[in-house]
Amino acid sequence: MPQKLASAQVLDSILDRINVGVFVLNKAMQVVFWNHFMEINSKKTVDEVLGRHIVDVFPELPKQWLERKVQGVFVLKNFAFTSWEQRPYLLKFPHNRPVTGGVDYMRQNCTFMPVKNDQGEVEHVCVVLTDVTDTSIEYNKAQDALSKLAEASNRDGLTGIYNRRYLEQTLTKEFSRVKRYEGSLSFILLDLDHFKSINDEKGHLAGDEVLRRVAEVLTTCVREADTLGRYGGEEFAIILPQTRLKGALILAERVRHDVQEAAIQLRDSTVKVTVSIGVTQMHPETPVYERLIQEADTALYQSKQAGRNRVTCFQRATVPGSF
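All residue numbers here refer to positions counted from 1 along the written sequence of the relevant chain. Only residues with pLDDT of at least 70 are given local features in this predicted model, and only at 80 or more are side-chain atom pairs given and counted; all residues enter the totals for whole chains, interfaces and linings. Computation of side-chain values: all heavy atoms of the structure, hydrogens and water removed.

Asker: Whenever I open this one, the sheet that holds strand S2 (residues 31-34) confuses me. Can you help?
Answerer: The strand order S2-S1-S5-S4-S3 describes an open sheet built from 5 strands, whose pairing is antiparallel. Two strands lie at the open edges of the sheet, namely S2 and strand S3 (80-82), each paired on one side alone. Direction aside, the axes of adjacent strands within the sheet are offset by 20 degrees on average. Each pair of strands is called paired provided DSSP finds at least two bridges between the two strands. The helix and strand labels rest on DSSP assignments: H or I over at least four residues marks a helix, E over at least two residues marks a strand, and numbering proceeds from the N terminus. Note that strand S1 (residues 21-25) and strand S5 (residues 122-131) share 5 bridges and pair antiparallel. Note on geometry: axes are C-alpha line fits, over the in-contact stretch for helices, and angles between N-to-C directions span 0 to 180 degrees.

This is the structure:
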């Protein structure tokens, strides 16, 4: 047997046994080689695909993309590669992983290799398809874990709502947005009235339960676009994008009312709490986002001074008044 023929037979045998997909296309996109991996996973035998245009056999293939990819190898005479992160799969092959992995079809990396003749001209393109489903599943798990860690780092451990760090990050972004594109932005700061007496009389565990319950009430008041968080201690804050002062005052009054009406059930008693609230709106002359916090805090202090359980709006150049 001639050495060249023997080598070709050995190569064909190897290509049929390896656990990767290998198929070869000519310039007309016709299949000239189809290995065992491709047969098993595509349910198409060699006889069904040889000599046929690859897209005629698999109409679901991205025809224009695949033709550009293959023709690029013919023209540039160089390798091309596509990762599963760019395109999850070339062919919809099933996989044998648990459905809990969240993967619908086999994830594939695809390498497009030029097959040259003795004169260095590309006669065929060999496509190597590698099953990377396990890699993609583990990657997705890692990304999910990182996302959960990132989310947890933004949450207050006691109440589950956003923490001060996230509030200030969000306020910074919204402030910059209004400075650049105009629009409106309001900010609410609220504080539980006489919270120290709850801790002193009923204990810190009871105080913690009050904070959790108030956070639940506040969550029902805010809109999806708003950002609610625990600013610190018994203070909470609400960022209201695209909201003018009138709308912020309406929301603040609803918060005040709903907290007052909530009956907070503790282990051996029921308590009622109230909140004092300060509200402000960003203006063109507002220099930095911290000014909004200062203004809301000033208005909050005036709510406390005026008898608590009320909403006060910060007013520039005048004495802040109650709503």
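Asker: When you look at the packing of aromatic side chains in this model, what are you seeing that I'm missing?
Answerer: To describe a pair of aromatic rings, you give the distance between the ring centres and the angle between the ring planes. In this analysis, rings of Phe, Tyr and Trp, with Trp reduced to its six-membered ring, are considered paired at centre separations within 6.5 Å, and the interplanar angle assigns stacked below 30 degrees, edge-to-face beyond 60, and tilted for intermediate values. Applying the stated criterion across every chain yields a total of 6 aromatic pairs. When the centroid spacing of 5.4 Å and the interplanar angle of 70 degrees are considered together, the rings of Tyr-89 and Tyr-105 count as edge-to-face. With Tyr-89 in the loop between S3 and strand S4 (108-116) and Tyr-105 in the loop between S3 and S4, this pair connects stretches of sequence that are 16 residues apart. A ring pair is formed by Tyr-162 and Tyr-166, whose centres lie 4.0 Å apart and whose planes are at 20 degrees; its orientation type is stacked. Members of the aromatic cluster, each reached through a chain of ring pairs, are Phe-23, Trp-34 and Phe-58. Only lysine NZ and arginine CZ atoms are considered, and such an atom sits over a ring when it is within 6 Å of the ring centre and within 35 degrees of the ring normal. Arg-87 extends its terminal NZ or CZ atom over the ring of Trp-65, reaching a point 4.2 Å from the ring centre. Over the aromatic face of Tyr-162 sits the side chain of Arg-155, whose NZ or CZ is 4.0 Å from the ring centroid.

Asker: Whenever I open this one, unusual backbone geometry confuses me. Can you help?
Answerer: A negative phi holds for most residues other than glycine; trans holds for most peptide bonds. Backbone geometry at Met-29 places phi at a positive 65 degrees, although glycine is not the residue there. Buried, partly exposed and exposed residues are distinguished by accessible area as a fraction of the type maximum, computed with a 1.4 Å probe on protein chains only: under 20%, between the cut-offs, and over 50%, respectively. Residue Met-29 is classed as buried on the basis of its relative accessible area of 3%. The phi dihedral of Glu-182 is positive, around 70 degrees, even though this residue is not glycine. Here Glu-182 is to be found in the loop between helix H7 (164-181) and strand S6 (185-192). Owing to a relative accessible area of 60%, Glu-182 belongs among the exposed residues under this scheme.

Asker: Would you mind going over the pattern of salt bridges with me for this structure?
Answerer: Opposite charge on two side chains permits pairing when their charged atoms draw close. What makes a salt bridge here is a side-chain nitrogen of Lys or Arg within 4 Å of a carboxyl oxygen of Asp or Glu, nothing more. Tallying each qualifying case throughout the model produces 15 salt bridges. Between Lys-304 and Asp-191 there is a salt bridge, and its shortest N-O distance comes to 2.7 Å. Of the two residues, Lys-304 sits in helix H11 (residues 289-305) while Asp-191 sits in strand S6, which places them 113 residues apart along the sequence. Like Asp-191, Lys-304 is buried. The salt bridge partner of Asp-258 is Arg-254, with a shortest N-O separation of 3.7 Å. Residue Asp-258 and its partner Arg-254 are both found in helix H10 (residues 245-261); the two are separated by 4 residues, about one turn of the helix. Put simply, Asp-191, Asp-193 and Lys-304 are held in one network by salt bridges that share partners.

Asker: Is there a simple way to think about the pairing of strand S11 (residues 275-281) in this case?
Answerer: Side-chain direction in a regular strand flips from residue to residue, so the side chains alternate between the two faces of the sheet. Counting buried positions along S11 yields 7 of 7 residues, so the element is predominantly enclosed. With burial as the criterion, each face of S11 is covered, one bearing Val-275, Ile-277, Val-279 and Gln-281 and the other bearing Ser-276, Gly-278 and Thr-280. Of the pairings in the sheet, the one linking S6 to S11 comprises 7 bridges and is antiparallel in character. Bridge pairing links Ile-188 to Val-279 in S11. Pairing of S11 with strand S12 (residues 311-313) involves 3 bridges; the strand directions are parallel. Bridging across to S12, Val-279 finds its partner in Cys-313. Handedness of the crossover joining S11 and S12 through H11: left-handed. Think of it like this: strands point away, you trace from the first strand over the helix to the second, and a clockwise trace means the crossover is right-handed.

Asker: Sorry if this is basic, but what is going on with the pairing of strand S7 (residues 227-232) here?
Answerer: Counting buried positions over the 6 residues of S7 gives 5, a clear majority of the element. The sheet contact formed by S7 and strand S8 (residues 235-241) spans 5 bridges and is antiparallel. Pairing of Thr-227 across the sheet is with Ile-239, part of S8. Counting the residues that bridge the hairpin from S7 to S8 gives 2 residues, and of these Gly-233 lies at a positive phi of roughly 55 degrees.

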